[in-house]
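These are the residues of each chain, in order.
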2 protein chains.
Amino acid sequence: MQADSIDANALRSGTLTRSLARFVAGTQWRDLPANVRNEAKRSLVNYFAVALAGSNDPTLDKAVHVYQRFRADESASIVGRSERTDMLNAAALNAMSANVYDFDDTHIPTIIHPTAPVAAALFALAESRSMSGEALLLAFVLGVEVECRIGNAVSPEHYQRGWHITSTCGVFGAAAAVAKALELDEQHIAWALGNASVQTGGLVETLGTMSKSISVGNAARNGLLSALLAEDGFSGPDAPLEGERGFLRVAASQPVWSALTQELGHEWELLKNTYKPYPCGVVLNPVIDACLDLRRDARWSLADIEQIELTGHPLLRERTDRPGVRTGRESQVSAQHAVAVVLSRGEAGLDEFTDAAVADPSLRALGSRLRFIDNASWPVESAQVTIVLRSGERVEHRVHAARGSLAAPLANVELADKLHQLAAYSRSGVDAQALIDRLWKFETEQNAAAVMGLARAHGSD
Amino acid sequence: MQADSIDANALRSGTLTRSLARFVAGTQWRDLPANVRNEAKRSLVNYFAVALAGSNDPTLDKAVHVYQRFRADESASIVGRSERTDMLNAAALNAMSANVYDFDDTHIPTIIHPTAPVAAALFALAESRSMSGEALLLAFVLGVEVECRIGNAVSPEHYQRGWHITSTCGVFGAAAAVAKALELDEQHIAWALGNASVQTGGLVETLGTMSKSISVGNAARNGLLSALLAEDGFSGPDAPLEGERGFLRVAASQPVWSALTQELGHEWELLKNTYKPYPCGVVLNPVIDACLDLRRDARWSLADIEQIELTGHPLLRERTDRPGVRTGRESQVSAQHAVAVVLSRGEAGLDEFTDAAVADPSLRALGSRLRFIDNASWPVESAQVTIVLRSGERVEHRVHAARGSLAAPLANVELADKLHQLAAYSRSGVDAQALIDRLWKFETEQNAAAVMGLARAHGSD
């Protein structure tokens, strides 16, 4: 706070909330740089890919069963499913789907998964209130900007303490995005943020359990509700973010006030967004890259392997040295499982990280041959896998920047391929290519909601 | 934590959540002492009184307008209003009504308003799933026990930091209560608490604004939802409360672990509940008592008053020295306004703390004659008001324990009177006496929901 240029008066008077609200109200499509517009579309392609993947997970089946008892109408679609529901439920359920495998995007400075809460809220609204693709993209960019700047202001303490930052900051992003889509003015956008500020639940303790999905769904649903209430004149405090008892101070002991507004409109948080090539903890990305490469050129067979050496930043070992995992969910953060399954199958998709995959005794045996070698001078985006054969021969592959990192972003064609694969995984019958084609030219779409017609399943309920 | 008898193993393994869940699952009506049963009914009488009072506040009008766009059915009632709505909306809206004026009950150790989230969730459920008055009272007592013990474990830091503790702990109370009413077993009750643990929003910054009501409503709604999800097998973490990234550690830097389970089933949090006689900050209670007494025996007229001396604990001055208030809401915490309006009118009801009352220039003039005298040796439940007349004569009244404090609890007849007055204030047409009669013998009620038929308005929508 001392190092910060924001003074006490600004904090008391609500200047920061006001500045953010004014920025959201005033920014137009023409103000967005081309690379930001492009990244928004890439985020949406990734969003539909992961939402399709998650749409039939048992967590979603149960949530749909209960939430559908409380649907007011059938105005909205659920990605990858055939049921119809109301706007608030659709926002919740689609955000859940997109995030349930933690296979969605990652804003590097905060590790927020930014798209799920914001996009789910916007598309749910779009199915009731007509808006163009351009209007939705603009609202999306601004929502992510608000969400991630609030995240920056409370990081890293907030997540480290145990708050599930995608949930706690996502609700602000959804509120700001929907407020923009509703064309609210500065005052009403500030109220939307105030209404969001009382709905910031979510705990890291619940990762890997169904409970986590409730708060991710709430971020979308309650952000949407916050803006609808504000539109109706439901008013909030002047300084929900920076006030004496506002969100930033409860969320972190030393908030970085300037993160909210510094370079606003000049630096864009969406450009710090990344997309996962594999459904795993992000530190495993270079490991999987290396294993895929080793397997591709293999002149050895699995039976020849004596030992596997994994060299990387100590964080890699700390996060992923998990030899005895029992569930598919745990296997997503196990180097032993990841190395074994990728060397064995030459694939690293959702099927490789299931309960069934984990139960394979040959993978356990292979994984037990793994040995970690720490090298604190390497960045976390890098890793080396060395296979030591029974003959004594060593075969190694080093990855300097993992696929999907900011230094080696997934290409558009790779994102499209991810959507194809996950659409197939979902068995929803969704025409992936048609969806992809519409998304790449989404700014020309007259009716943003048309995309939801392509993303939902058309079977009987 | 050092001073605490709970060890690290217990925290990791989910022992505390389990103990609470087992207590909720195992406790029967026969286990409740008579004074606890009685206090539950007193809490409900107070609940319906304040819910009637708040039912037509502009905050409620706006919330009903938006929430009704998302009602799935008309299975549930809204206290003091004629609209019907679904179970989740009813839980939210009735909790909002009961708390909107902060005229509801206060659990002294935490300043949680315990009843609004728990009772609103239970009655909403009762309108769809038949339960007896006895079953509802039992679930209510257990919900309040869980809610307030979690509050005890994170107090006083949690509220002081800026978390609106009624909202953040209320969701656990509602979840536990509904889980009990649904007759869930220990495992499912623990899941309900896990599902609640990700829905703990609410900020002190929003007090006095409409936004506050959202989180109080959410506490009831989301607690109910948490239990319904758990009933359907929607599962949570082992240790949502005491885990490394669980609620208690994010909510307070040094949680009092033992507060969760110490003397469980022997000490009852509901016995620390109090009810406000006036719609004001609780420190003003003895001041208003004194003014009412002075006015009752008055041999002076307002024009004779030269000065008013207010003697009390310094906290009284710190919280209520607000000479220039502009809104009814602010006047609820202004000693100047409270003293002036009560000496002038001899009343201290909701009508005395409105925007209109504040605008009366004669009250402002009288309030400006107030002078505070600190006496740090007095308890906060006490105060003395001295009127200094132009003649030089001094008329004083000292109150040792304010009405409504734990030392001088409101009598049943006073609670009934509060319900009568607030029912009249609501202009809902509710038959207050019929409602009171049913509540005092609520444990004999076959159908708990019948009370909601008496508490709702029967006009056209």
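Bear in mind that the values here come from a model prediction, so they are computed numbers and not experimental data.

Let's shift gears to the sheet that holds strand β8 (residues 394–399) of chain A. Residues and elements named next belong to chain A. One open sheet accounts for 4 strands, arranged β6-β5-β7-β8; its pairing is mixed. On the outer flanks of this sheet lie β6 (370–374) and β8, each paired with one strand and no other. Within this sheet the neighbouring strands show an average axis-to-axis angle of 15 degrees, counted without direction. For strand β5 (residues 305–312) and β6, the ladder comprises 5 bridges, and the chain directions are parallel. Within β6, the position partnered with G312 by the bridge is D374. This element, helix α13 (residues 285–296), spans β5, β7 (383–389) and β8 of the sheet and lies at about 135 degrees to β8.

Next up on the list: the pattern of salt bridges. Inspection of every chain in the model, using the stated rule, returns 42 salt bridges over all chains. Its salt-bridge partner being K212(A), residue D102(A) comes within 3.3 Å of it at the nearest N-O pair. With D102(A) in the loop between α5 (87–99) and β3 (106–107) and K212(A) in helix α11 (residues 211–231), this pair connects stretches of sequence that are 110 residues apart. The exposure class of D102(A) is buried, given its relative accessible area of 18%. Of the residues examined, K212(A) reaches a relative accessible area of 1% and is grouped as buried. A salt bridge links R371(B) to E309(B); the shortest N-O distance between them is 3.3 Å. A residue pair is termed long-range when its members are at least 10 positions apart, and R371(B) in strand β6 (residues 370–374) and E309(B) in strand β5 (residues 305–312) qualify at 62 residues. Three or more residues are tied together by salt bridges with common partners; here these are R18(A), R22(A) and E186(A).

According to UniProt, the "domain: MmgE/PrpD N-terminal" (unreviewed entry) feature falls on residues 19–255 of chain A. When the span residues 19–255 of chain A is considered, its composition is 62% helix and 3% strand, and the gap between its end C-alpha atoms is 17 Å.

On to helix α19 (residues 412–426) of chain A, then. All names here are of chain A. Between its first and last C-alpha atoms α19 spans 21 Å; for 15 residues at 1.5 Å apiece the expected length is 21 Å, and the two agree. Within the span of α19, buried status applies to L415, A416, K418, L419, L422, A423 and S426. One side of α19 carries all its buried residues, which in axial view fall inside an arc of 150 degrees. Opposite the packed face of α19, turned more than 90 degrees from it, sit the exposed residues V413 and A424. Of the surrounding secondary structure, the elements contacted by the buried residues of α19 are α3 (34–54) and α20 (432–440).

This part is about the interface of chain B and chain A. Tallying the contact residues gives 59 residues for chain B and 59 residues for chain A. Summed over both sides, the interface of chain B with chain A buries roughly 4,900 Å², with 61% coming from carbon and sulfur. The tally of links from chain B across to chain A stands at 0 salt bridges. Inspection of the chain B/chain A interface yields 24 residue pairs in polar contact (both at pLDDT 80 or more). Looking at the side of chain B that touches chain A, the elements that each hand over two or more residues are α4 (58–67), α5 (87–99), α8 (157–161), α10 (186–197), α11 (211–231) and α12 (247–251) of chain B. Take the side of chain B that touches chain A: its biggest share by element is 9 residues, from α11(B). For the side of chain B that touches chain A, a count of residues per class yields 23 nonpolar, 23 polar and 13 charged.

Right, let's talk about the nonpolar core for a bit. Core analysis: the biggest nonpolar cluster contains 259 residues, and F48(A), L419(A), F48(B) and L419(B) have the highest contact counts within it. In contact with L419(B), not counting residues within four places along its chain, are V45(B), F48(B), A49(B), L52(B), A432(B), L435(B), I436(B) and L439(B).

All names here are of chain B. Across 6 bridges, the pairing between strand β7 (residues 383–389) and strand β8 (residues 394–399) is antiparallel. Considered in β8, the bridge of V385 is made with H397. Remark: 4 residues form the turn of the hairpin made by β7 and β8, two consecutive strands paired antiparallel; G392 in that turn has positive phi of roughly 95 degrees.

It takes a turn of 180 degrees to lay chain B on chain A, together with a shift of 0.0 Å along the axis; the resulting RMSD is 0.0 Å. The relationship between the two copies is best expressed as a two-fold rotation axis. It is A72(B) whose C-alpha, among those of chain B, lies nearest the rotation axis, at 2.0 Å. When the interface residues of chain B are mapped onto chain A, 100% of them again lie at the interface, so the same face is used by both copies.

How each quantity is defined
Residue indices begin from 1 for each chain and proceed along its sequence in written order. Each chain is given a letter, starting from A, and each ligand a number, starting from 1, according to the order in which they appear as written. Local features in this predicted model are restricted to residues of pLDDT 70 or higher, and side-chain atom pairs are both shown and tallied only at a pLDDT of 80 or more, whereas totals for entire chains, interfaces and linings draw on every residue. Note that water and hydrogens are dropped before the side-chain values are worked out from all heavy atoms of the structure. Two strands qualify as a pair provided that DSSP identifies no fewer than 2 bridges between them. Starting at the N terminus, helices and strands are each numbered in turn, a helix being any DSSP run of H or I of at least four residues and a strand any DSSP run of E of at least two. For every element, the axis is a line fit to its C-alpha atoms; helices are fit only across the contacting stretch, and the angle between N-to-C directions ranges from 0 to 180 degrees. Throughout, a contact is declared for two residues whenever any of their heavy atoms are within 4.5 Å. Here a salt bridge means any side-chain nitrogen of Lys or Arg lying within 4 Å of a carboxyl oxygen belonging to Asp or Glu. Using a 1.4 Å probe on the protein chains alone, a residue whose accessible area is under 20% of its type maximum counts as buried, one over 50% counts as exposed, and one in between counts as partly exposed. UniProt positions are given in the numbering used here, feature names are shortened, and annotations may be inferred rather than shown by experiment. For a helix, the expected span equals 1.5 Å multiplied by the residue count minus one. Arc, as used here, means the arc of the directions from the helix axis to the C-beta atoms. Note: buried area is the sum, over both parts, of the accessible area (probe 1.4 Å) each one loses when the two are combined. N or O atoms closer than or at 3.5 Å make up a polar contact, with two conditions inside protein: a donor-capable atom paired with an acceptor-capable one, and, for residues adjacent in sequence, both atoms drawn from side chains. Just so you know the grouping, Ala, Val, Leu, Ile, Met, Phe, Trp, Tyr, Cys and Pro go in nonpolar, Asp, Glu, Lys and Arg go in charged, and all remaining residues, Gly too, go in polar. Buried Ala, Val, Leu, Ile, Met, Phe, Trp, Tyr and Cys residues that are joined via side-chain atoms within 4.5 Å together make up what is termed a nonpolar core. Our superposition of the copies is a least-squares fit, built on the C-alpha atoms of residues whose pLDDT is at least 70 in both.

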